[in-house]
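Given next are the chains, with one letter for each unit.
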Amino acid sequence: MAKTAKVIGYLINIGVTTCRLFKVNEDNSLKEDRVISYQSSPKSDNYFNEIISNIQDLVRTFPNSFLVKVIVDSKFADLFQSESDLKGFIREFYVKTNLYFNILTQEQTVRNLSQLFGD
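Residues numbered from 1 in each chain as written. Predicted model: local features only at pLDDT ≥ 70, side-chain atom pairs only at ≥ 80, totals over all residues. Heavy atoms only, no water.

What the rule picks out here adds up to 5 salt bridges. When the shortest N-O distance is used, the salt bridge between Glu32 and Arg20 registers 2.9 Å. Of the two residues, Glu32 sits in strand E3 (residues 30-37) while Arg20 sits in strand E2 (residues 18-25), which places them 12 residues apart along the sequence. Here Glu32 falls in the partly exposed class, since its relative accessible area comes to 34%. Arg20 gets classed as partly exposed once you look at its relative accessible area, which sits at 25%. Members of the salt-bridge network, linked through shared partners, are Lys23, Asp33 and Arg34. (Salt bridge = Lys/Arg side-chain N within 4 Å of Asp/Glu carboxyl O. Helix = DSSP H or I, 4+ residues; strand = E, 2+ residues; numbered from the N terminus. Buried < 20%, exposed > 50% of the residue type's maximum accessible area, 1.4 Å probe, protein only.)

Here it is in structure tokens:
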């Protein structure tokens, strides 16, 4: 009988149109758990609030002792009209979810996607 890897945390990958949740196993492997498609588009007034709400709903399902890391596609920063708007959203995201909003560079995004999904 195969041994099931023990889950030690979660990785939340926030993209422009979807959010992907990965379980992090004690051997540092990742297993995709679910994909959440946003109901609104980036042009919608409710778009950023929907993302925060989705993450709040996810976090409520995690055990308190689990490590949770959020990584964000580099294209996400392009959705904001100014640097101060982006910083305001990051601050609001942290206040409402207690998680850091880690926006990756383009190179980091490509590297992570190739590691997760292959070339």
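Before going further, it helps to examine the confidence of the model for the protein. With 92% of its residues at a pLDDT of 70 or more, the protein shows a mean pLDDT of 87. The least confident element of the protein, judged by mean pLDDT, is helix H3 (residues 106-117) at 71; the most confident is helix H2 (residues 83-97) at 94. (pLDDT = per-residue confidence, 0-100.)

Between its first and last C-alpha atoms H2 spans 21 Å; for 15 residues at 1.5 Å apiece the expected length is 21 Å, and the two agree. The complete set of buried residues in H2 reads Leu86, Phe89, Phe93 and Thr97. Buried residues of H2 fall within an arc of 60° about the axis and therefore sit on the same side. Pointing more than 90 degrees away from the buried face of H2 are the exposed residues Ser84, Arg91 and Val95. Next to the buried residues of H2 lie strand E1 (7-14), helix H1 (47-60), strand E4 (67-72) and strand E5 (102-103). Two residues or fewer past H2, Asn98 is found with a positive phi of approximately 65°. (Expected span 1.5 Å × (residues − 1). Arc of directions from axis to C-beta. Contact = heavy atoms within 4.5 Å.)

Where a protein is soluble and globular, its nonpolar side chains tend to be buried together. In terms of nonpolar packing, the biggest core is built from 22 residues, with Ile12, Ile14, Cys19, Ile55, Leu58, Phe76 and Phe93 touching the most fellow members. No other element matches the 5 residues that H1 contributes to this core. The residues contacting Ile12, other than those within four sequence positions of it, are Cys19, Arg20, Leu21, Ile55, Leu58, Phe62, Val68, Lys69, Val70, Ile71 and Leu99. Phe22, Val24, Ile71 and Leu104 belong to the second-largest nonpolar core, a separate cluster that totals 5 residues. (Core = buried A, V, L, I, M, F, W, Y, C linked by side-chain atoms within 4.5 Å.)

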